[in-house]
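For reference, the chains in residue letters:
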Amino acid sequence: MILTIPSAPYMDQKPGTSGLRKKVRVFQQANYAENFVQSVFDVAGADAGSTLVIGGDGRFHNRIVIQQAIRMAAANGYGRVLVGQGGILSTPAASHVIRKYGASGGLILSASHNPGGPDEDFGIKYNTANGGPAPESITDAIYAQTRVIDRWLTVDAPDIDLDTVGETMVGAMAVEVIDPVADYAALMEELFDFAAIRAAAAGGFTMAFDAMSAVTGPYATEILERRLGFAPGTVRNGEPLEDFGGHHPDPNLVHAAELYALMMGPDAPDFGAASDGDGDRNLIIGRGRFITPSDSLAMLAANAHLAPGYADGLKGIARSMPTSAAADLVAEALGIPAYETPTGWKFFGNLLDAGMASICGEESAGTGSDHVREKDGLWAVLLWLNILCVRGISADQLAREHWAKFGRNYYARHDYEAIETARADALMAELVDSLPTLAGQTISGLTVAMADSFSYADPVDGSVSANQGIRVLFTSGSRIVFRLSGTGTQGATLRVYLERFEPADGRLDEPVEAMLDELIAAAQAIAGIERHTGRTAPDVAT
Ligand code: VG1
Ligand code: CO
């Protein structure tokens, strides 16, 4: 029997860069998660009997929302729910499961790289039938619905056993608990030269993978240790924990400091990598050589043909606007189009569906391809392994060779976290006001060539997304981008992206900070960061 539970709207359920993210305590309020899930179902309007995928990154509060969402799906007319065992599905695995089983969509319960636990973050994201994050037209409609919602639907049924693979009925709906790893691992075997990687591992090639006590542990253990033969212990922090062991599951140089120290030390294995809370990000560090995510995108694109899944070449390369232009140079050399989209994976979906791009990437450690419709952490690690093992060179050698051919885009991102929202808004408003007069000015020795607020017109459906970040381009080819984060749950986070290009015959192996000195000073001057926020240095530099 379907129960209609009266409810009242919460006015703060606007999805950000990647779904709705709030503190767990916010999600624990009566009807809070239910209102959002019901709004998703109301907007999705799935055909009766269709399939819904549900998975999460295993963080605190996951199981409670999963059980509730299953009952609500039954009441909303879904015919079947596929849910990962233990409530676990990495974001890319969920995307694959949606596509493989023809589901009408999926709920991914994750706050990704944000910390987890009773006092930390939780999140809900809706993906559509193509396996990708719902586009803005849908997230806007979901938000509108959350502001008027007055009821949610459920059935009277007990919790299901999430830990045992198999099928149960909830009302008239079938719920199938699936192995979260099997389908994904099979897809990776299709795309990559596992034999070459296996041979290298057997021949002494070593690696370390830090799963950061998040969702990728079971995937990495199955693929790297069992199928590819890397030594037991290659996967570190491989058990998903509800609070990620108290750490931020964000694979950058600050939060994956232990891996970085290992890779720069005397006992470094040949290759190091890490992934984030929900398994869609990747960190790549060769022995003695950190590869920025922007460079990683370019280097993977330049060598992707060495993997069986990409042997026919790439159709195009897409990157988010703040990501460095290194990938554009590869696209130009390959004679394929390059696309520049706003931040967030949802903007790549149309390009991938239309067959206009094969590989996409973001400076925030997200890389992926048309094999799914999400960024994919382990996919990037496996493509790196495939390339290195087939070519028999190190990550450091590959990077040097790449720069010697294409030049180097020195790059860093500076994050100023938990700024008072009003101050951050004032800083951005003042930046916007200064745009008409910035061009021609010389700041910290750098002359501004062009400054604007980035607006994107989707080449497939024509939809326009404005106000996607402030770009300041200098006559030297350097660039600064300013934007506010859309994934934080506390105050505002200002992101400052710094990029300086050195041509192939330029200074290719200098310390990054030193190369970006002038740009860092210019960013302070242009945005008045200290004046607005009182901060003289970022909280996180990656
Ligand atoms: C950040 C990154 C963005 C990424 C998003 C989701 O967004 O900058 O590139 O797509 O997180 O990543 P923002 O708005 O905070 O800058 V994840 O791994 O949360 O799914
Ligand atoms: Co993520």
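Everything discussed here concerns the structure shown above.
Residues numbered from 1 in each chain as written. Chains lettered and ligands numbered in written order. Predicted model: local features only at pLDDT ≥ 70, side-chain atom pairs only at ≥ 80, totals over all residues. Heavy atoms only, no water.

## Things to note about the packing of aromatic side chains
So, point 1. Counted according to the given criterion, the structure contains 11 aromatic pairs.
So, point 2. Here Phe192 and Trp379 contribute two aromatic rings whose centre-to-centre distance is 6.4 Å and whose plane-to-plane angle is 55°, an arrangement assigned as tilted. Of the two residues, Phe192 sits in the loop between helix 6 (182-191) and helix 7 (194-202) while Trp379 sits in helix 13 (residues 377-391), which places them 187 residues apart along the sequence.
So, point 3. The exposure class assigned to Phe192 is buried, which follows from its relative accessible area of 3%.
So, point 4. With relative accessibility at 0%, the residue Trp379 sits in the buried group.
So, point 5. A ring pair is formed by Phe347 and Tyr456, whose centres lie 6.3 Å apart and whose planes are at 85°; its orientation type is edge-to-face. One end of the pair, Phe347, is in the loop between strand 16 (338-341) and helix 12 (349-353); the other, Tyr456, is in strand 22 (residues 456-457), with 109 residues separating them in the sequence. (Phe/Tyr/Trp six-rings, centres within 6.5 Å; stacked < 30°, edge-to-face > 60°. Helix = DSSP H or I, 4+ residues; strand = E, 2+ residues; numbered from the N terminus. Buried < 20%, exposed > 50% of the residue type's maximum accessible area, 1.4 Å probe, protein only.)

## As for helix 4 (residues 91-100)
So, point 1. By the criterion of burial, helix 4 is predominantly enclosed, with eight of the 10 residues buried.
So, point 2. Turning to helix 4, its buried residues number three or more, namely Thr91, Pro92, Ala93, Ala94, Ser95, His96, Val97 and Ile98.
So, point 3. The opening residue of helix 4, the one whose side-chain oxygen lies 3.1 Å from the backbone nitrogen of Ala93, is Ser90.
So, point 4. Positive phi appears at Gly102, one or two residues downstream of helix 4, with a value of about 60°. (Polar contact = N/O pair within 3.5 Å; in protein donor to acceptor, adjacent residues only side chain to side chain.)

## Some points on the pattern of salt bridges
So, point 1. Taken as a whole and judged by the stated rule, the model has 38 salt bridges.
So, point 2. One salt bridge connects Glu374 with Lys125, and the closest N-O pair in it is separated by 2.6 Å. In this pair, Glu374 is assigned in the loop between strand 18 (366-369) and helix 13 and Lys125 in strand 6 (residues 121-128), connecting sequence segments 249 residues apart. Each member of the pair, Glu374 as well as Lys125, is classed as buried.
So, point 3. With a shortest N-O distance of 2.5 Å, Glu401 and Arg391 are connected by a salt bridge. (Salt bridge = Lys/Arg side-chain N within 4 Å of Asp/Glu carboxyl O.)

## Side note on the site of ligand 1
So, point 1. The full set close to ligand 1 counts 20 residues, and Thr17, Ser112, Ser364, Thr487 and Arg495 are the nearest of them.
So, point 2. Measuring from an oxygen atom of ligand 1, one finds a side-chain N or O atom of Thr17 at 2.5 Å.
So, point 3. Lys375 is positioned with one of its side-chain polar atoms (N or O) 2.9 Å from an oxygen atom of ligand 1.
So, point 4. Here the shell around ligand 1 is composed, by residue class, of no nonpolar, 10 polar and 10 charged. (Near = heavy atom within 4 Å. Nonpolar A, V, L, I, M, F, W, Y, C, P; charged D, E, K, R; others polar.)

## Side note on the sheet that holds strand 14 (residues 289-291)
Strands belonging to one sheet form pairs held by backbone hydrogen bonds; the direction of such a pair is parallel or antiparallel.
So, point 1. Judged by pairing direction, the sheet is mixed, and its five strands sit side by side in the order 11-10-12-13-14 without closing on themselves. Among the strands making up the open sheet, the edge pair consists of strand 11 (235-236) and strand 14.
So, point 2. Examined bridge by bridge, strand 10 (residues 207-210) and strand 12 (residues 271-275) share four bridges and lie parallel to one another. Paired with Ala208 across the two strands is Gly272, which belongs to strand 12.
So, point 3. Relative to the sheet, helix 9 (residues 257-264) contacts strand 10, strand 11, strand 12, strand 13 (282-286) and strand 14, its axis offset from that of strand 13 by approximately 20°. (Pairing = 2+ DSSP bridges. Contact = heavy atoms within 4.5 Å. Axes fitted to C-alpha atoms, helices over the stretch in contact; angles between N-to-C directions.)

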